[in-house]
Amino acid sequence: MTSRPQRTGALPWVFVLVLVLVALNLRAPFVAVAPITDELRSDLGVGGAAVGLLTSLPVLCFGLLAPVALAVIRRAGIERAVALCLIVVVLGSVVRSLGGYPLAVLGTVVIGLAITVGNVVVPVVIRRETPAARVGAVTGVYVAAMNVGSMVVTLGTAPISQAAGWRVALAVWALPALVGLAAWGWWSRGSRPAQAARPAESAPAVPEGTVSPDVRIVWRTPIAWLLGLAFAGQASSYYALTAWLPTLLADEIGLGATGAGTASSVFQVSAIVGAFGVPLLATRLPPAATIAVVGLLWMVFPVQLLLDPELYLLGSLVGGIAQGGGFAAIFTVVVQVSRTDRESAQLSAFVQGVGYVVAATGPAVLGLAHDVTDAWTVPVLVVLGTTATFAVLGTLAGVVQRRSHA
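Since we're looking at a predicted model, the values are computed, not measured.

Cut-offs and rules
- Residues numbered from 1 in each chain as written.
- Predicted model: local features only at pLDDT ≥ 70, side-chain atom pairs only at ≥ 80, totals over all residues.
- Heavy atoms only, no water.
- Helix = DSSP H or I, 4+ residues; strand = E, 2+ residues; numbered from the N terminus.
- Buried < 20%, exposed > 50% of the residue type's maximum accessible area, 1.4 Å probe, protein only.
- Patch = residues over 30% accessible without salt bridge, like charges linked within 9 Å, V, L, I, M, F, W, Y side chains within 5 Å.
- Areas by Shrake-Rupley, 256 points an atom, 1.4 Å probe, with all protein chains shown as cover.
- Salt bridge = Lys/Arg side-chain N within 4 Å of Asp/Glu carboxyl O.
- Lys, Arg positive; Asp, Glu negative; His and termini not counted.
- Charge placed at Lys NZ, Arg CZ, Asp CG, Glu CD.
- Expected span 1.5 Å × (residues − 1).
- Phe/Tyr/Trp six-rings, centres within 6.5 Å; stacked < 30°, edge-to-face > 60°.
- pLDDT = per-residue confidence, 0-100.
- Polar contact = N/O pair within 3.5 Å; in protein donor to acceptor, adjacent residues only side chain to side chain.
- Contact = heavy atoms within 4.5 Å.
- Core = buried A, V, L, I, M, F, W, Y, C linked by side-chain atoms within 4.5 Å.

On a plain count of helices and strands, the protein comes out with 18 helices and zero strands. Scored against the burial criterion, the 406 residues of the protein give a buried share of 52%.

Next up on the list: a negative patch on the surface. Where like charges cluster on the molecular surface, the negative patch consists of D251, E252, D371 and D374. By the element assignment, D371 lies in helix α17 (residues 362-373). A relative accessible area of 61% places D371 in the exposed class.

Here we take up helix α13 (residues 271-282). End to end, α13 covers 17 Å across twelve residues, agreeing with the expected 16 Å (1.5 Å per residue, within 8%). Here α13 has its buried residues at A271, I272, G274, A275, V278 and P279.

The subject of this paragraph is the packing of aromatic side chains. Enumeration according to the criterion identifies 16 aromatic pairs in this entry. Ring geometry for W184 against W187: centres 5.4 Å apart, planes inclined by 40°, an arrangement best described as tilted. Residue W184 and its partner W187 are located together in helix α10 (residues 174-197), separated by three residues, close to a single helical turn. Classification of W184 as buried rests on a relative accessible area of 4%. Taking the centre distance of 4.8 Å and the plane angle of 35° together, the rings of F327 and F331 count as tilted. Of this pair, F327 and F331 both sit in helix α15 (residues 312-337), separated by four residues, roughly a single helical turn. Residues F327 and F331 agree in their burial class; the two are buried. Here a set of aromatic residues connected by ring pairs shows up, and it is made of F30, F62, Y142, F231, Y238, Y239, F267, W298, F301, F327, F331 and Y356.

Below, the discussion takes up the pattern of salt bridges. Evaluated as defined, the whole model comprises three salt bridges. A salt bridge links R167 to D43; the nearest nitrogen and oxygen atoms lie 3.5 Å apart. One end of the pair, R167, is in helix α9 (residues 166-171); the other, D43, is in helix α3 (residues 37-44), and 124 residues separate them in sequence. We classify D43 as partly exposed; its relative accessible area is 47%. Where R128 meets E79, a salt bridge forms, and the shortest distance between an N and an O atom there is 2.6 Å. Here the residue R128 occupies a position in helix α7 (residues 101-129), and E79 occupies one in helix α6 (residues 78-96), the gap between them amounting to 49 residues.

This prediction gives the protein a mean pLDDT of 84; 89% of its residues lie at or above 70. For the protein, per-element mean pLDDT is lowest for helix α12 (residues 257-269), which scores 77, and highest for helix α14 (residues 287-307), which scores 95.

The next subject is the side chain of R27. Take R27: it is sitting in the loop between α1 (12-23) and α2 (28-31). A polar contact is formed between the side chain of R27 and the side chain of N119, at a distance of 3.0 Å. Among the polar contacts listed, one links the side chain of R27 to the side chain of Y356, at a separation of 2.6 Å. With sequence-adjacent residues up to four places away left out, R27 is seen in contact with F62, I115, N119, M146, S150, Y239, F327 and Y356.

This paragraph deals with the environment of R127. Assignment of secondary structure puts R127 in helix α7. A sequence separation of 205 residues divides R127 from T332, and the C-alpha atoms of the two residues are 9.1 Å apart.

Note that soluble globular proteins tend to have their nonpolar side chains buried in a common cluster. With 113 residues, the main nonpolar core has L40, Y142, L227, Y239 and I330 as its most contacted residues. Take this core: its biggest share by element is 14 residues, from helix α11 (residues 222-253). Look past the residues within four positions of L227 in its chain and what remains in contact with it is I330, V333, V334, L347, V351 and A397.

In structure tokens form, the structure reads like this:
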């Protein structure tokens, strides 16, 4: 088994700070559309479905373009892949705000590709730069930073649009990517001597035409499928609830726009608690037990919506903690079970490819279930099923991970 290399030239807190500045940009650019949908519909002359595509396209990109992201990382290397991610986020943000609807779609796809590269490469960076005992904590910081970025953009886009127009409101979020790019470039240059001083990861030499025993084809391993399908349950639950929770609460208990917005905000912001709480829980429990606890918390939310929708704030809090903790738990296992940087990238790409392709259908499935039944019971039962999928398959992945390290 290949040992985990560690850099010695940079203090851990410096790396964590740079990671935060990078991660702030790995969700925020595509959530900027939601607060200004009315302005976009009016100015671009399109309907709600067309504007909704600007939000759902990146999620589809996360799944479909994961193999492309993996190829980019292999060709460019880890440092350049992170830099390319941020550069392309900037370009996509600018293109999206320049012209009519076709350019908005093109810019959105560009942003989706860029963030897909970031999604795949960041777990590899965490694996390489973080001591094994702190992988969970650093992964939690990464997840929390993504949620903070989304929260800031959600709160700030509408006021900027009112003051300067929607084009500026979308383009301005290229600035955090430029800051992250500058920080990453500075850190990468400063750490090169340490990188050059250590031996590169390598597998034992093997005869030509054979496969090294240290290299696994990840999609043939049970844990890859368990993690991929568990992440599909996690991401499907998150995107489905994000899309439909305000409408559900308005229909079920007559909640107005302000109350629905509060519930949505609690669901998003409390993810930070889960992102930091899971690493703390993991210091006391094995991976399988940690994921089982998070899975049970996830299932509480749809059960609450079925039994007593009036308790939506409690459900949003518990569900938000679970969705942040679920992401952190899955990718902590991805990092821990990988034996090399290359394997980490392959497993990360596979898990996200499976998970996000399924997740992109989540909002549509819930909408169809609601249209067919004209009620919210069946859609919420669908969410209960996806959260249970995360709980069961994620727990099994934790068992496999523990056995592989025994």
